[in-house]
Amino acid sequence: AAQLKGKDFLALVDYTPEELEYLIGYAIELKRKQKAGEPHPILAGKTLGMIFEKSSTRTRVSFEVGMYQLGGQALFLSKNDLQLGRGETVWDTAQTLSRYLDGIMIRTYEHRKVIDLARGATVPVINGLTDHAHPCQVMADYQTVLEKKGRLRGIKVAYIGDGNNMVHSLMMGASKLGMDFAVASPEGYMPDASVIQQSKENAAQSGGSLLVTTSAREAIENADIVYTDVWASMGFEAEQKEREIAFANYQVNEELAKYAKSDYLFMHCLPAHRGEEVSEGVIDGEHSIIFDQAENRLHAQKAIMAATMV
Ligand code: CP
Ligand code: NVA
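Cut-offs used in this document
Numbering of residues begins from 1 in every chain and follows the order in which that chain's sequence is written. Written order decides the labels, with chains lettered from A and ligands numbered from 1. Given that the model is predicted, a residue must reach a pLDDT of at least 70 before its local features are reported, and side-chain atom pairs must reach 80 or more before they are shown or counted; all residues, however, enter totals for whole chains, interfaces and linings. UniProt positions are given in the numbering used here, feature names are shortened, and annotations may be inferred rather than shown by experiment. Each helix is a run of H or I in the DSSP string that is no shorter than four residues. Each strand is a run of E no shorter than two, and both are numbered from the N terminus. Put simply, the radius of gyration uses C-alpha atoms, and a globule should come to 2.2 Å times the residue count raised to 0.38. Buried, partly exposed and exposed are defined by the number of other C-beta atoms within 10 Å of a residue's own C-beta, namely 20 or more, between the two limits, and 12 or fewer respectively, with C-beta atoms placed from the backbone. The contact criterion used here is simple: two residues whose C-beta atoms, placed from the backbone, lie within 7 Å are in contact. Two strands form a pair only when DSSP identifies at least two bridges running between them. Only the stretch in contact is used when fitting a helix axis, every axis being a line fitted to C-alpha atoms; angles between N-to-C directions are given from 0 to 180 degrees. To count as a nonpolar core, a set of buried Ala, Val, Leu, Ile, Met, Phe, Trp, Tyr and Cys residues must be joined through C-beta atoms within 7 Å. For the purposes of this description, domain bounds are those given by an automatic or database domain assignment. Under this scheme an angle from 65 to 115 degrees is roughly perpendicular, one under 35 degrees roughly parallel, and one over 145 degrees roughly antiparallel; angles in between are oblique. Note on convention: near helix rotated counterclockwise from far helix by under a right angle means a left-handed crossing. Clockwise means right-handed. Charged means Asp, Glu, Lys or Arg here, nonpolar means Ala, Val, Leu, Ile, Met, Phe, Trp, Tyr, Cys or Pro, and polar covers whatever is left, Gly included. Any residue whose backbone-placed C-beta atom lies within 6 Å of a molecule or strand is treated as near that molecule or strand.

Per an unreviewed UniProt entry, the protein chain carries the name Ornithine carbamoyltransferase and comes from Paenibacillus whitsoniae. Turning to the protein chain, the UniProt record has this under Pathway (unreviewed entry): "Amino-acid biosynthesis; L-arginine biosynthesis; L-arginine from L-ornithine and carbamoyl phosphate: step 1/3." The record in UniProt for the protein chain states the following under Sequence similarities (unreviewed entry): "Belongs to the aspartate/ornithine carbamoyltransferase superfamily. OTCase family."

As structure tokens, then:
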């Protein structure tokens, strides 16, 4: 716990299994306190700056409300308002903001920019999504799985769809937490080879496993958790049409879900495109836990902030 003070939260690769388990446990504790109405002003008087270069509903609101519940406050900083948008360097921005703020959350395109911001900042930097990773989402997701299934070790997660930021963080997290992970993506849309390699090594250590395939049917076999995400992420909207063709056989629907466990749970980070990556029947059906995940963004991020910014 104490050793997380001052640490950045950029990608799950930087965290040990013990640290991830600690943060999930802390999130569950903070959730209980919030539900019970017990004040927990761990970050009283502190301020988080939130830089957004992409749209957001969940991330923006959950970070802002989370800081408020921790006794602090959050500032929404859009790219258009910051001098960063007019060419001020990442380094100068990081140095300057560190003189005012106790933490910085950033959502942007290139992962490199977040790493550079963290290098220039003297306060913790939290990744609120890049093209490469979405680690806050996965902390909320695995908290949700733990709450629903009672354990993470030995749970099988199947991710069907684009080899994007979501699957990178889901795979990295699962491999550290001893989970079985299977991903099915079409040729040309596979996850990063380096993330696959690192996750394989982690899984060998943690007792988890990793399967990478082009077959949705093979990946979903016997899954406890079925996860998907949009086919065209933010920044890739221009490829929507060609992606609809490439991903035509990768929709999570009732037919495909037959091969998962009968008590499988459906997850999606949201926002979703009903009728594309997932059928209406599945996402709005009895297996879906999408809003429990969304809620846990609040609790998971409060734990991350409370641990690193205290
Ligand atoms: N899942 C997620 O990060 O949602 P937003 O884009 O709405 O923040
Ligand atoms: N993969 C999606 C996730 C949105 C939360 C995107 O990057 O747009």
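And the narrative resumes.
Chemist: Residue-level account of the overall build of the protein chain, with values.
Modeler: For the protein chain, the count of helices and strands is 12 helices and 9 strands. In summary, the protein chain has a C-alpha radius of gyration of 19 Å against a globular reference of 19 Å for 310 residues, a match within 12%. Referenced to the eigenvectors of the C-alpha coordinate spread, the extents of the protein chain come out at roughly 55 × 45 × 35 Å. Within the protein chain, buried positions represent 49% of all 310 residues. The contacts of the protein chain with a sequence gap of at least 6 include a subset with a gap of at least 24, amounting to 76%.

Chemist: Give a description of the sheet that holds strand β1 (residues 47–52) that names residues and reports values.
Modeler: The sheet built from 4 strands is open, its strands ordered β2-β1-β3-β4 with parallel pairing. Both outer strands of the open sheet, β2 (73–78) and β4 (125–127), are each paired with one neighbouring strand and no more. Taking each pair of neighbouring strands and ignoring which way they run, the sheet shows an average axis angle of 20°. As judged from the 3 bridges shared by strand β3 (residues 103–107) and β4, these two strands associate in the parallel manner. Residue pairing in the sheet places Ile-104 in a bridge with Val-125 of β4. Against the sheet, helix α4 (residues 111–120) contacts β3 and β4, and its axis sits at roughly 165° relative to β4.

Chemist: Could you give an account of the nonpolar core, with specific residues and numbers?
Modeler: Judged by nonpolar contacts, the single largest core of 95 residues is most densely connected at Val-157, Ala-158, Ile-225 and Val-226. If one sorts the elements of this core by residue count, helix α12 (residues 290–309) sits on top with 7 residues. Residue contributions to this core reach at least three from each of two domains, namely domain 1 (2–133 + 297–309) and domain 2 (137–293). Apart from residues lying up to four places away in sequence, Ala-158 is in contact with Ala-182, Ala-219, Ile-220, Ala-223, Ile-225, Val-226, Tyr-227 and Ala-260.

Chemist: Tell me about the UniProt feature "domain: Aspartate/ornithine carbamoyltransferase carbamoyl-P binding" (unreviewed entry) in the protein chain, and please be specific about residues and values.
Modeler: UniProt feature "domain: Aspartate/ornithine carbamoyltransferase carbamoyl-P binding" (unreviewed entry): in the numbering of this structure it lies at residues 7–147. Secondary structure content for residues 7–147 is 47% helix and 14% strand, while the C-alpha to C-alpha distance between its ends is 26 Å.

Chemist: How would you sum up unusual backbone geometry? Please name residues and give values.
Modeler: Peptide bonds are, in most cases, trans, and in most cases residues other than glycine have a negative phi. Cis geometry marks the peptide bond from Leu-270 to Pro-271, where omega comes out at 0°. As for its position among the elements, Pro-271 is in the loop between β9 (265–268) and α11 (280–283). Of note, Asn-222 is a non-glycine position whose phi angle comes to about 65°, a positive value. One can find Asn-222 in the loop between α8 (216–220) and β8 (225–228). In this structure Asn-222 comes out as exposed when scored by C-beta crowding, with 12 C-beta atoms within 10 Å.

Chemist: So what's going on with the packing of helix α6 (residues 165–176) against helix α7 (residues 193–206)? Which residues, and what values?
Modeler: At a minimum axis distance of 7 Å, the contact between α6 and α7 shows a crossing angle of 20°. If you check the angle between α6 and α7, you find them roughly parallel. The way α6 lies across α7 gives a crossing that is left-handed. Each of His-168, Met-171, Met-172, Ser-175 and Lys-176 in α6 lies in contact with α7, whose residues at this interface are Val-195, Gln-198, Ser-199, Asn-202, Ala-203 and Ser-206. Of the residues contributing to the contact of α6 with α7, the split by class is 4 nonpolar, 6 polar and 1 charged.

Chemist: Tell me what's going on with the domain arrangement of the protein chain, and back it up with residues and numbers.
Modeler: Per the domain assignment, the segments making up the protein chain are domain 1 (2–133 + 297–309) and domain 2 (137–293). For domain 1 and domain 2, the distance between their C-alpha centroids amounts to 25 Å. Facing the 21 residues of domain 1 at the interface are 19 residues of domain 2. At the level of secondary structure, the elements contributing two or more residues to the side of domain 1 that touches domain 2 comprise α1 (17–36) and α12.

Chemist: Explain the site of ligand 1 to me, and be specific about the residues and the numbers.
Modeler: Looking at ligand 1, the residues that line it are Ser-56, Thr-57, Arg-58, Thr-59, Leu-129, Gln-137, Cys-269 and Leu-270. Here the shell around ligand 1 is composed, by residue class, of 3 nonpolar, 4 polar and 1 charged. Shared between two domains, the shell around ligand 1 takes at least three residues from each, and those domains are domain 1 (2–133 + 297–309) and domain 2 (137–293).

Chemist: Any chance you could break down the environment of Lys-200 for me, citing the residues and the numbers?
Modeler: Inspection of the secondary structure assignment puts Lys-200 in helix α7. By C-beta crowding, Lys-200 is classed as partly exposed, having 15 other C-beta atoms within 10 Å. Lys-200 sits 25 residues away from Ser-175 along the chain, and the two C-alpha atoms are 7.1 Å apart.

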